[in-house]
Amino acid sequence: MKTKIFKMKPLNLALILAGIGMSQASHAVDLMAVEGTWTPVGGTPITMWGFAADTGDCATAPTTWGVGPQLTDADLVGGGLAINLRNCLSEPVSIVIPGQPATFTPQTFVDGIGRTRVRAFTHEAPADGGLTTTAYTWPGVKNGNYLYQSGSHPAKQV
């Protein structure tokens, strides 16, 4: 059987899921949303944020970007993907994977002129300094290549 691999690239907020199968596993992928800097070759450092492997504490979070953890089909739980997200940002954040089946619970707010607006496509990890983790699941993950991104404040975070 061919090994199936996907990788997370925090620089462009992308998780590449390549050819995921339907294997059994007993764990979830632990990620954290962190702020850091990226310096283009010969350029000026740029402050940005992305997803990285969870270190268990915001104080030990990475502050520069590189390639994220390599994940395989062993990260699937009963054919679905589970991610625990620790938020080290100063605002709420969430994760969505466009094209993968999921149950969304949109988060709304009332704007300055009384309209109800969507703030996030699904539940959010609170901006609590990384004290808690928030669980996200995708049952019945479909084979293929997919990107993941923030589902919160898309005009700013995506």
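Visitor: How should I be thinking about the state of the cysteines in this particular structure?
Guide: A disulfide bridge is the covalent bond that connects two cysteines by way of their sulfur atoms. Following the criterion strictly, the structure yields one disulfide and no others. There is a disulfide in this structure between Cys58 and Cys88, and the S-S distance comes to 1.9 Å. Across the S-S bond of Cys58 and Cys88 the torsion is about -85 degrees, and the bridge reads as left-handed. Pair noted here: Cys58 is in the loop between strand S4 (46–53) and strand S5 (70–72) and Cys88 is in the loop between strand S7 (80–87) and strand S8 (95–96), with a separation of 30 residues, a long-range link.

Visitor: So what exactly am I meant to see when it comes to a nonpolar patch on the surface here?
Guide: A cluster of nonpolar side chains, Phe104, Val118 and Phe121, forms an exposed patch at the surface whose accessible area comes to about 270 Å². Examined against the element boundaries, Phe121 turns out to sit in the loop between strand S10 (116–120) and strand S11 (133–138). By relative accessible area, Phe121 is classed as partly exposed at 39%.

Visitor: What am I meant to see in the nonpolar core here?
Guide: One recurring pattern in soluble globular proteins: nonpolar side chains tend to sit buried together. Phe51, Leu85, Val93, Ile95 and Trp138 are the most contacted members of the largest nonpolar core, which totals 18 residues. Among the secondary structure elements, those contributing two or more residues to this core are strand S3 (29–38), S4, S7 and S11.

Visitor: In this structure, what is going on with the pattern of salt bridges? I would like to understand it.
Guide: Once the charged atoms of two side chains with opposite charge are near each other, the side chains can pair. Tallied over the full model, the rule gives four salt bridges. Measuring nitrogen to oxygen at the nearest pair gives 3.5 Å for the salt bridge that ties Arg117 to Asp111. With a relative accessible area of 37%, Arg117 lands in the partly exposed category. Notably, a salt bridge pairs Arg119 with Glu124, separated by 2.6 Å at the nearest N-O pair.

Procedures and definitions
- Residues numbered from 1 in each chain as written.
- Predicted model: local features only at pLDDT ≥ 70, side-chain atom pairs only at ≥ 80, totals over all residues.
- Heavy atoms only, no water.
- Disulfide = S-S within 2.5 Å.
- Helix = DSSP H or I, 4+ residues; strand = E, 2+ residues; numbered from the N terminus.
- Patch = residues over 30% accessible without salt bridge, like charges linked within 9 Å, V, L, I, M, F, W, Y side chains within 5 Å.
- Areas by Shrake-Rupley, 256 points an atom, 1.4 Å probe, with all protein chains shown as cover.
- Salt bridge = Lys/Arg side-chain N within 4 Å of Asp/Glu carboxyl O.
- Buried < 20%, exposed > 50% of the residue type's maximum accessible area, 1.4 Å probe, protein only.
- Core = buried A, V, L, I, M, F, W, Y, C linked by side-chain atoms within 4.5 Å.

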